[in-house]
Amino acid sequence: MNVVPVVIVGAGPTGLTAATLLAQHGVECLILDRWESVYPLPRAVALDDEVHRILARLGLRDEFAAIARPHRGLRLIDRRMRVLAEFQRDVAPGRHGYPQGSMFDQPELEEILRRNLTQYDSATLRGSTEVTALTQDADGVRLDVTDTATGEHQVVRAAYVLGCDGANSLTRAAIGASIQDLGFTQRWLVVDVVTNAELGQWEGVHQLSDPARAGTYMRIGKTRYRWEFRLAPGETADDFRKMTRLHPLISRWTGNIPAGELEVVRAAEYTFRAQVADRWRDRRVFLLGDAAHLTPPFIGQGMGAGLRDAMNLAWKLAGVLDGSLPETVLGTYQIERKHHTRAMIRLAKLIGTAMTAGGRMGDIIRRAVAPRLHLVPGLTALATDSETPALRRSALVLRPRLRRALAGRLCPNAILDGERRHDDVAAGRFAIVTSTEPPATLQTDVERCGAVLITARPGSELHRWLRDGRAHAAVVRPDGTVLSAGRDLPALVAILPGFRGKLPRPTTSTGE
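First, a word on scope: everything that follows refers to the structure included in this document. Not measured: the values here are computed from a predicted model.

Right, let's talk about the overall build of the chain for a bit. Counting its regular elements, the chain contains 14 helices and 25 strands. Its C-alpha atoms give the chain a radius of gyration of 23 Å, within 12% of the compact-globule value 24 Å for 512 residues. With the C-alpha coordinates aligned to their principal axes, the bounding extent of the chain is approximately 70 × 60 × 45 Å. Scored against the burial criterion, the 512 residues of the chain give a buried share of 54%. Contacts spanning at least 24 positions in sequence make up 70% of the contacts within the chain whose residues lie at least 6 apart. Counting only carbon and sulfur atoms, one obtains 50% of the accessible surface of the chain, whose full area is about 21900 Å². When the 67 basic and 57 acidic side-chain charges of the chain are each reduced to a single mean position, those positions are 7 Å apart.

So, in structure tokens, the structure goes:
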């Protein structure tokens, strides 16, 4: 029986991203999903510019831009629709090369992810295939699968398995990982509405602070809108599937638009949770996305966390499989991602609790405090700046313990020449970004490691970034994260791993 280098369980955004990144490095992978095609109902609707940058790395820069809608930030409003506070985000390209926040329709995103994956002969997607059991032995991983259309049973063997199979993950159960509850559970109604009428609302996220029923509104497409409302005890989504019952909740945004011009695409109940798996790996099996963590949606980081997981792990696994990286680097995945994810979950909990807790007294406090939030040092930056926390120290993040440094943070996706940015030039390889011209011998050493040398010219964004980080050079990993930075360029070149992850050309053009 042939052994597939990597089997990915689940073809949602996380699984498709992991598969594409592996395929770009020439790694053969098989994606198994129990659905025949894209799951039709929208779930995630927002992502930040870090995650937008990942989609661009997949080759989806133009395709995603065609379905995305940059949003302008967050407004806190009271039940009378008065603005309590506003935190604006820039819709122009920022440090990552894209708007700080974008709205989209998840089924549309999954469609372009699947279409993009077909460019790579090394990736195979099998739908209507359910994984029923997963076991490890000395030679790899055995997966028992069932064709849900025919009932046929098969066995697949893999060198590594990535469990991207969601909140009810069989992969997580198979490795004996347990869920740690971080103390946040709320039941919410999630409603998607389509209308050709123009609502005329501010193009950002509206957070409704109403003691009777907290809510959220956002425009996610040309004709598509999303509302979320906290459910009271005893209420279910079934109570709001008809517009006659839903209309009183959304009419403060829809105004005089007749209910007959508003079509409910979906009304579903979701329990928003804050949870993290206690471990994300057992030998050759890894957990990614909702299988490893669940994030309340208040800062739009749920799906993005899964894509960050894939970005962090894929290049490491590719390097291990081609022998250019030691197997021990796989141990950095949980170290780096779990701490980062917990930090984002804590922030989502904080925002969610601040906007929804306290009943009538909480509402009184919010009305008094919210207009003055911009005076709190650092809070406006927290709400408007999309930069996320640095990764924790690991074998691939060499950051000092007692001071802030560039290591563990993302290198800006700065324009280098013409329209090319850092990621275009690095192309999935290690990079040395330096503000000093290296001697020819060092350039040869960089090339010998399969890395690329990027010179930060005086006055450029990368030059300012190095200067502000008190560094003359930085080693940037294939995922854009800084491995180490400092002033000793030869010492930094010396720690370059021998990773050879050059991106092969797709088998077909993206336009076909």
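Additional details are given in the paragraphs that follow.
Taken as a whole, the second largest pocket holds about 690 Å³ of empty space. Lining of the second largest pocket is provided by 34 residues; of these, Glu-387, Leu-406, Gly-408, Arg-409 and Leu-410 occupy positions nearest its centre. Contributing elements (two or more residues each) for the lining of the second largest pocket: helix H2 (49-57), helix H7 (302-321), helix H8 (332-356) and helix H13 (461-468). Looking at side-chain class alone, the lining of the second largest pocket contains 10 nonpolar, eight polar and 16 charged residues.

Right, let's get into the state of the cysteines. In the structure shown here, the tally under the stated rule is zero disulfides. Of the cysteine sulfurs around Cys-411, a residue in no disulfide, the closest is that of Cys-449, at 18 Å.

What follows concerns the pairing of strand S22 (residues 431-434). Burial along S22 is two-sided: Ala-431 and Val-433 facing one way and Ile-432 and Thr-434 facing the other are all buried. Relative to strand S23 (residues 452-455), S22 runs parallel, the two being bridged by four bridges. Note on S23: the bridge partner recorded for Ile-432 is Leu-453. The parallel pair S22 and S23, bridged by helix H12 (residues 440-448), forms a crossover whose chirality is right-handed.

Turning our eyes to something else, we now look at the packing of aromatic side chains. Per the stated rule, a full pass over the model turns up 13 aromatic pairs. Judged by centre distance (6.3 Å) and plane angle (65°), the rings of Trp-227 and Trp-253 are edge-to-face. Taken together, the residues Trp-227 in strand S15 (residues 224-230) and Trp-253 in helix H6 (residues 243-254) connect sequence positions 26 residues apart. For Trp-253, a relative accessible area of 1% translates into the label buried.

Taking 1.5 Å of rise per residue, the 12 residues of helix H1 (residues 13-24) would be expected to cover 16 Å, and the 16 Å separating its terminal C-alpha atoms lies within 8% of that figure. For H1, a buried count of 12 out of 12 residues is recorded, marking the element as mostly surrounded by other parts of the structure. Along H1, the residues classified as buried are Pro-13, Thr-14, Gly-15, Leu-16, Thr-17, Ala-18, Ala-19, Thr-20, Leu-21, Leu-22, Ala-23 and Gln-24. A positive phi of about 80° marks Gly-26, the residue just after H1.

Turning to the packing of H1 against H7, a few remarks are in order. Taken N-terminus to C-terminus, the directions of H1 and H7 make an angle of 25°; their axes are 8 Å apart at the nearest point. With respect to H7, the axis of H1 lies roughly parallel. Seen along the crossing, H1 lies across H7 with a hand that is right-handed. Contacts between H1 and H7 involve Pro-13, Thr-14, Thr-17, Ala-18, Leu-21 and Leu-22 from the first element and Met-303, Gly-306, Leu-307, Ala-310, Met-311, Ala-314, Leu-317 and Ala-318 from the second. The residue makeup of the contact of H1 with H7, split by class, is 11 nonpolar, three polar and no charged.

What follows deals with the sheet that holds S22. Strand order in the open sheet made by the four strands is S23-S22-S24-S25, with mixed pairing throughout. The outermost strands of the open sheet, each flanked by one partner alone, are S23 and strand S25 (482-486). When strand polarity is set aside, the average angle formed by the axes of neighbouring strands in this sheet is 15°. The sheet contact formed by S22 and strand S24 (residues 473-476) spans four bridges and is antiparallel. Residue pairing in the sheet places Ala-431 in a bridge with Val-476 of S24. On the sheet, H13 packs against S22, S23, S24 and S25 and is oriented at approximately 80° with respect to S22.

What follows concerns the sheet that holds strand S14 (residues 215-219). Spatial ordering of the open sheet is given by S6-S5-S13-S14-S15-S12-S16-S19, a layout of eight strands whose pairing is mixed. The open sheet is flanked by strand S6 (83-88) and strand S19 (293-294), the only strands paired with a single partner. In this structure, strand S5 (residues 73-78) lies alongside strand S13 (residues 205-209), joined through five bridges in parallel fashion. Note on S13: the bridge partner recorded for Ile-77 is Leu-208. Each of S5, strand S12 (179-194), S13, S14, S15 and strand S16 (263-277) is contacted by H6, which is oriented at about 105° to S15, the strand it contacts most.

So, about empty space enclosed by the protein. Taken as a whole, this structure holds three cavities of 30 Å³ or more when the rule is applied. Taken as a whole, the largest cavity encloses approximately 50 Å³ of empty space. Taken together, Leu-21, His-25, Arg-57, Met-311, Ala-314, Trp-315, Pro-478 and Asp-479 form the lining of the largest cavity. Sort the elements by how many residues they give to the lining of the largest cavity and H7 lands first, with three residues. Each residue belonging to the lining of the largest cavity can be placed in one class, and the counts come to five nonpolar, one polar and two charged. What lines the second largest cavity is Arg-57, His-422, Asp-423, Ala-426, Ala-427, Gly-428, Arg-429, Arg-477, Pro-478, Asp-479 and Gly-480. When residues of the lining of the second largest cavity are assigned to their parent elements, the largest contribution, three residues, is made by helix H11 (residues 422-426).

Cut-offs applied
Residues numbered from 1 in each chain as written. Predicted model: local features only at pLDDT ≥ 70, side-chain atom pairs only at ≥ 80, totals over all residues. Heavy atoms only, no water. Helix = DSSP H or I, 4+ residues; strand = E, 2+ residues; numbered from the N terminus. Rg over C-alpha atoms; globule rule 2.2 N^0.38 Å. Buried < 20%, exposed > 50% of the residue type's maximum accessible area, 1.4 Å probe, protein only. Contact = heavy atoms within 4.5 Å. Areas by Shrake-Rupley, 256 points an atom, 1.4 Å probe, with all protein chains shown as cover. Lys, Arg positive; Asp, Glu negative; His and termini not counted. Charge placed at Lys NZ, Arg CZ, Asp CG, Glu CD. 1 Å grid on protein atoms, 1.4 Å probe; cavity = no way out; pocket = protein on both sides within 12 Å on 5 of 7 lines; lining within 4 Å. Points joined across faces, edges and corners; volume = space filled by probe spheres on them. Nonpolar A, V, L, I, M, F, W, Y, C, P; charged D, E, K, R; others polar. Disulfide = S-S within 2.5 Å. Pairing = 2+ DSSP bridges. Right-handed = clockwise from strand over helix to strand, strands pointing away. Phe/Tyr/Trp six-rings, centres within 6.5 Å; stacked < 30°, edge-to-face > 60°. Expected span 1.5 Å × (residues − 1). Axes fitted to C-alpha atoms, helices over the stretch in contact; angles between N-to-C directions. Parallel < 35°, antiparallel > 145°, perpendicular 65-115°, else oblique. Left-handed = near helix turned anticlockwise from the far one by under 90°.

The analysis is restricted to geometry; functional conclusions fall outside its scope.
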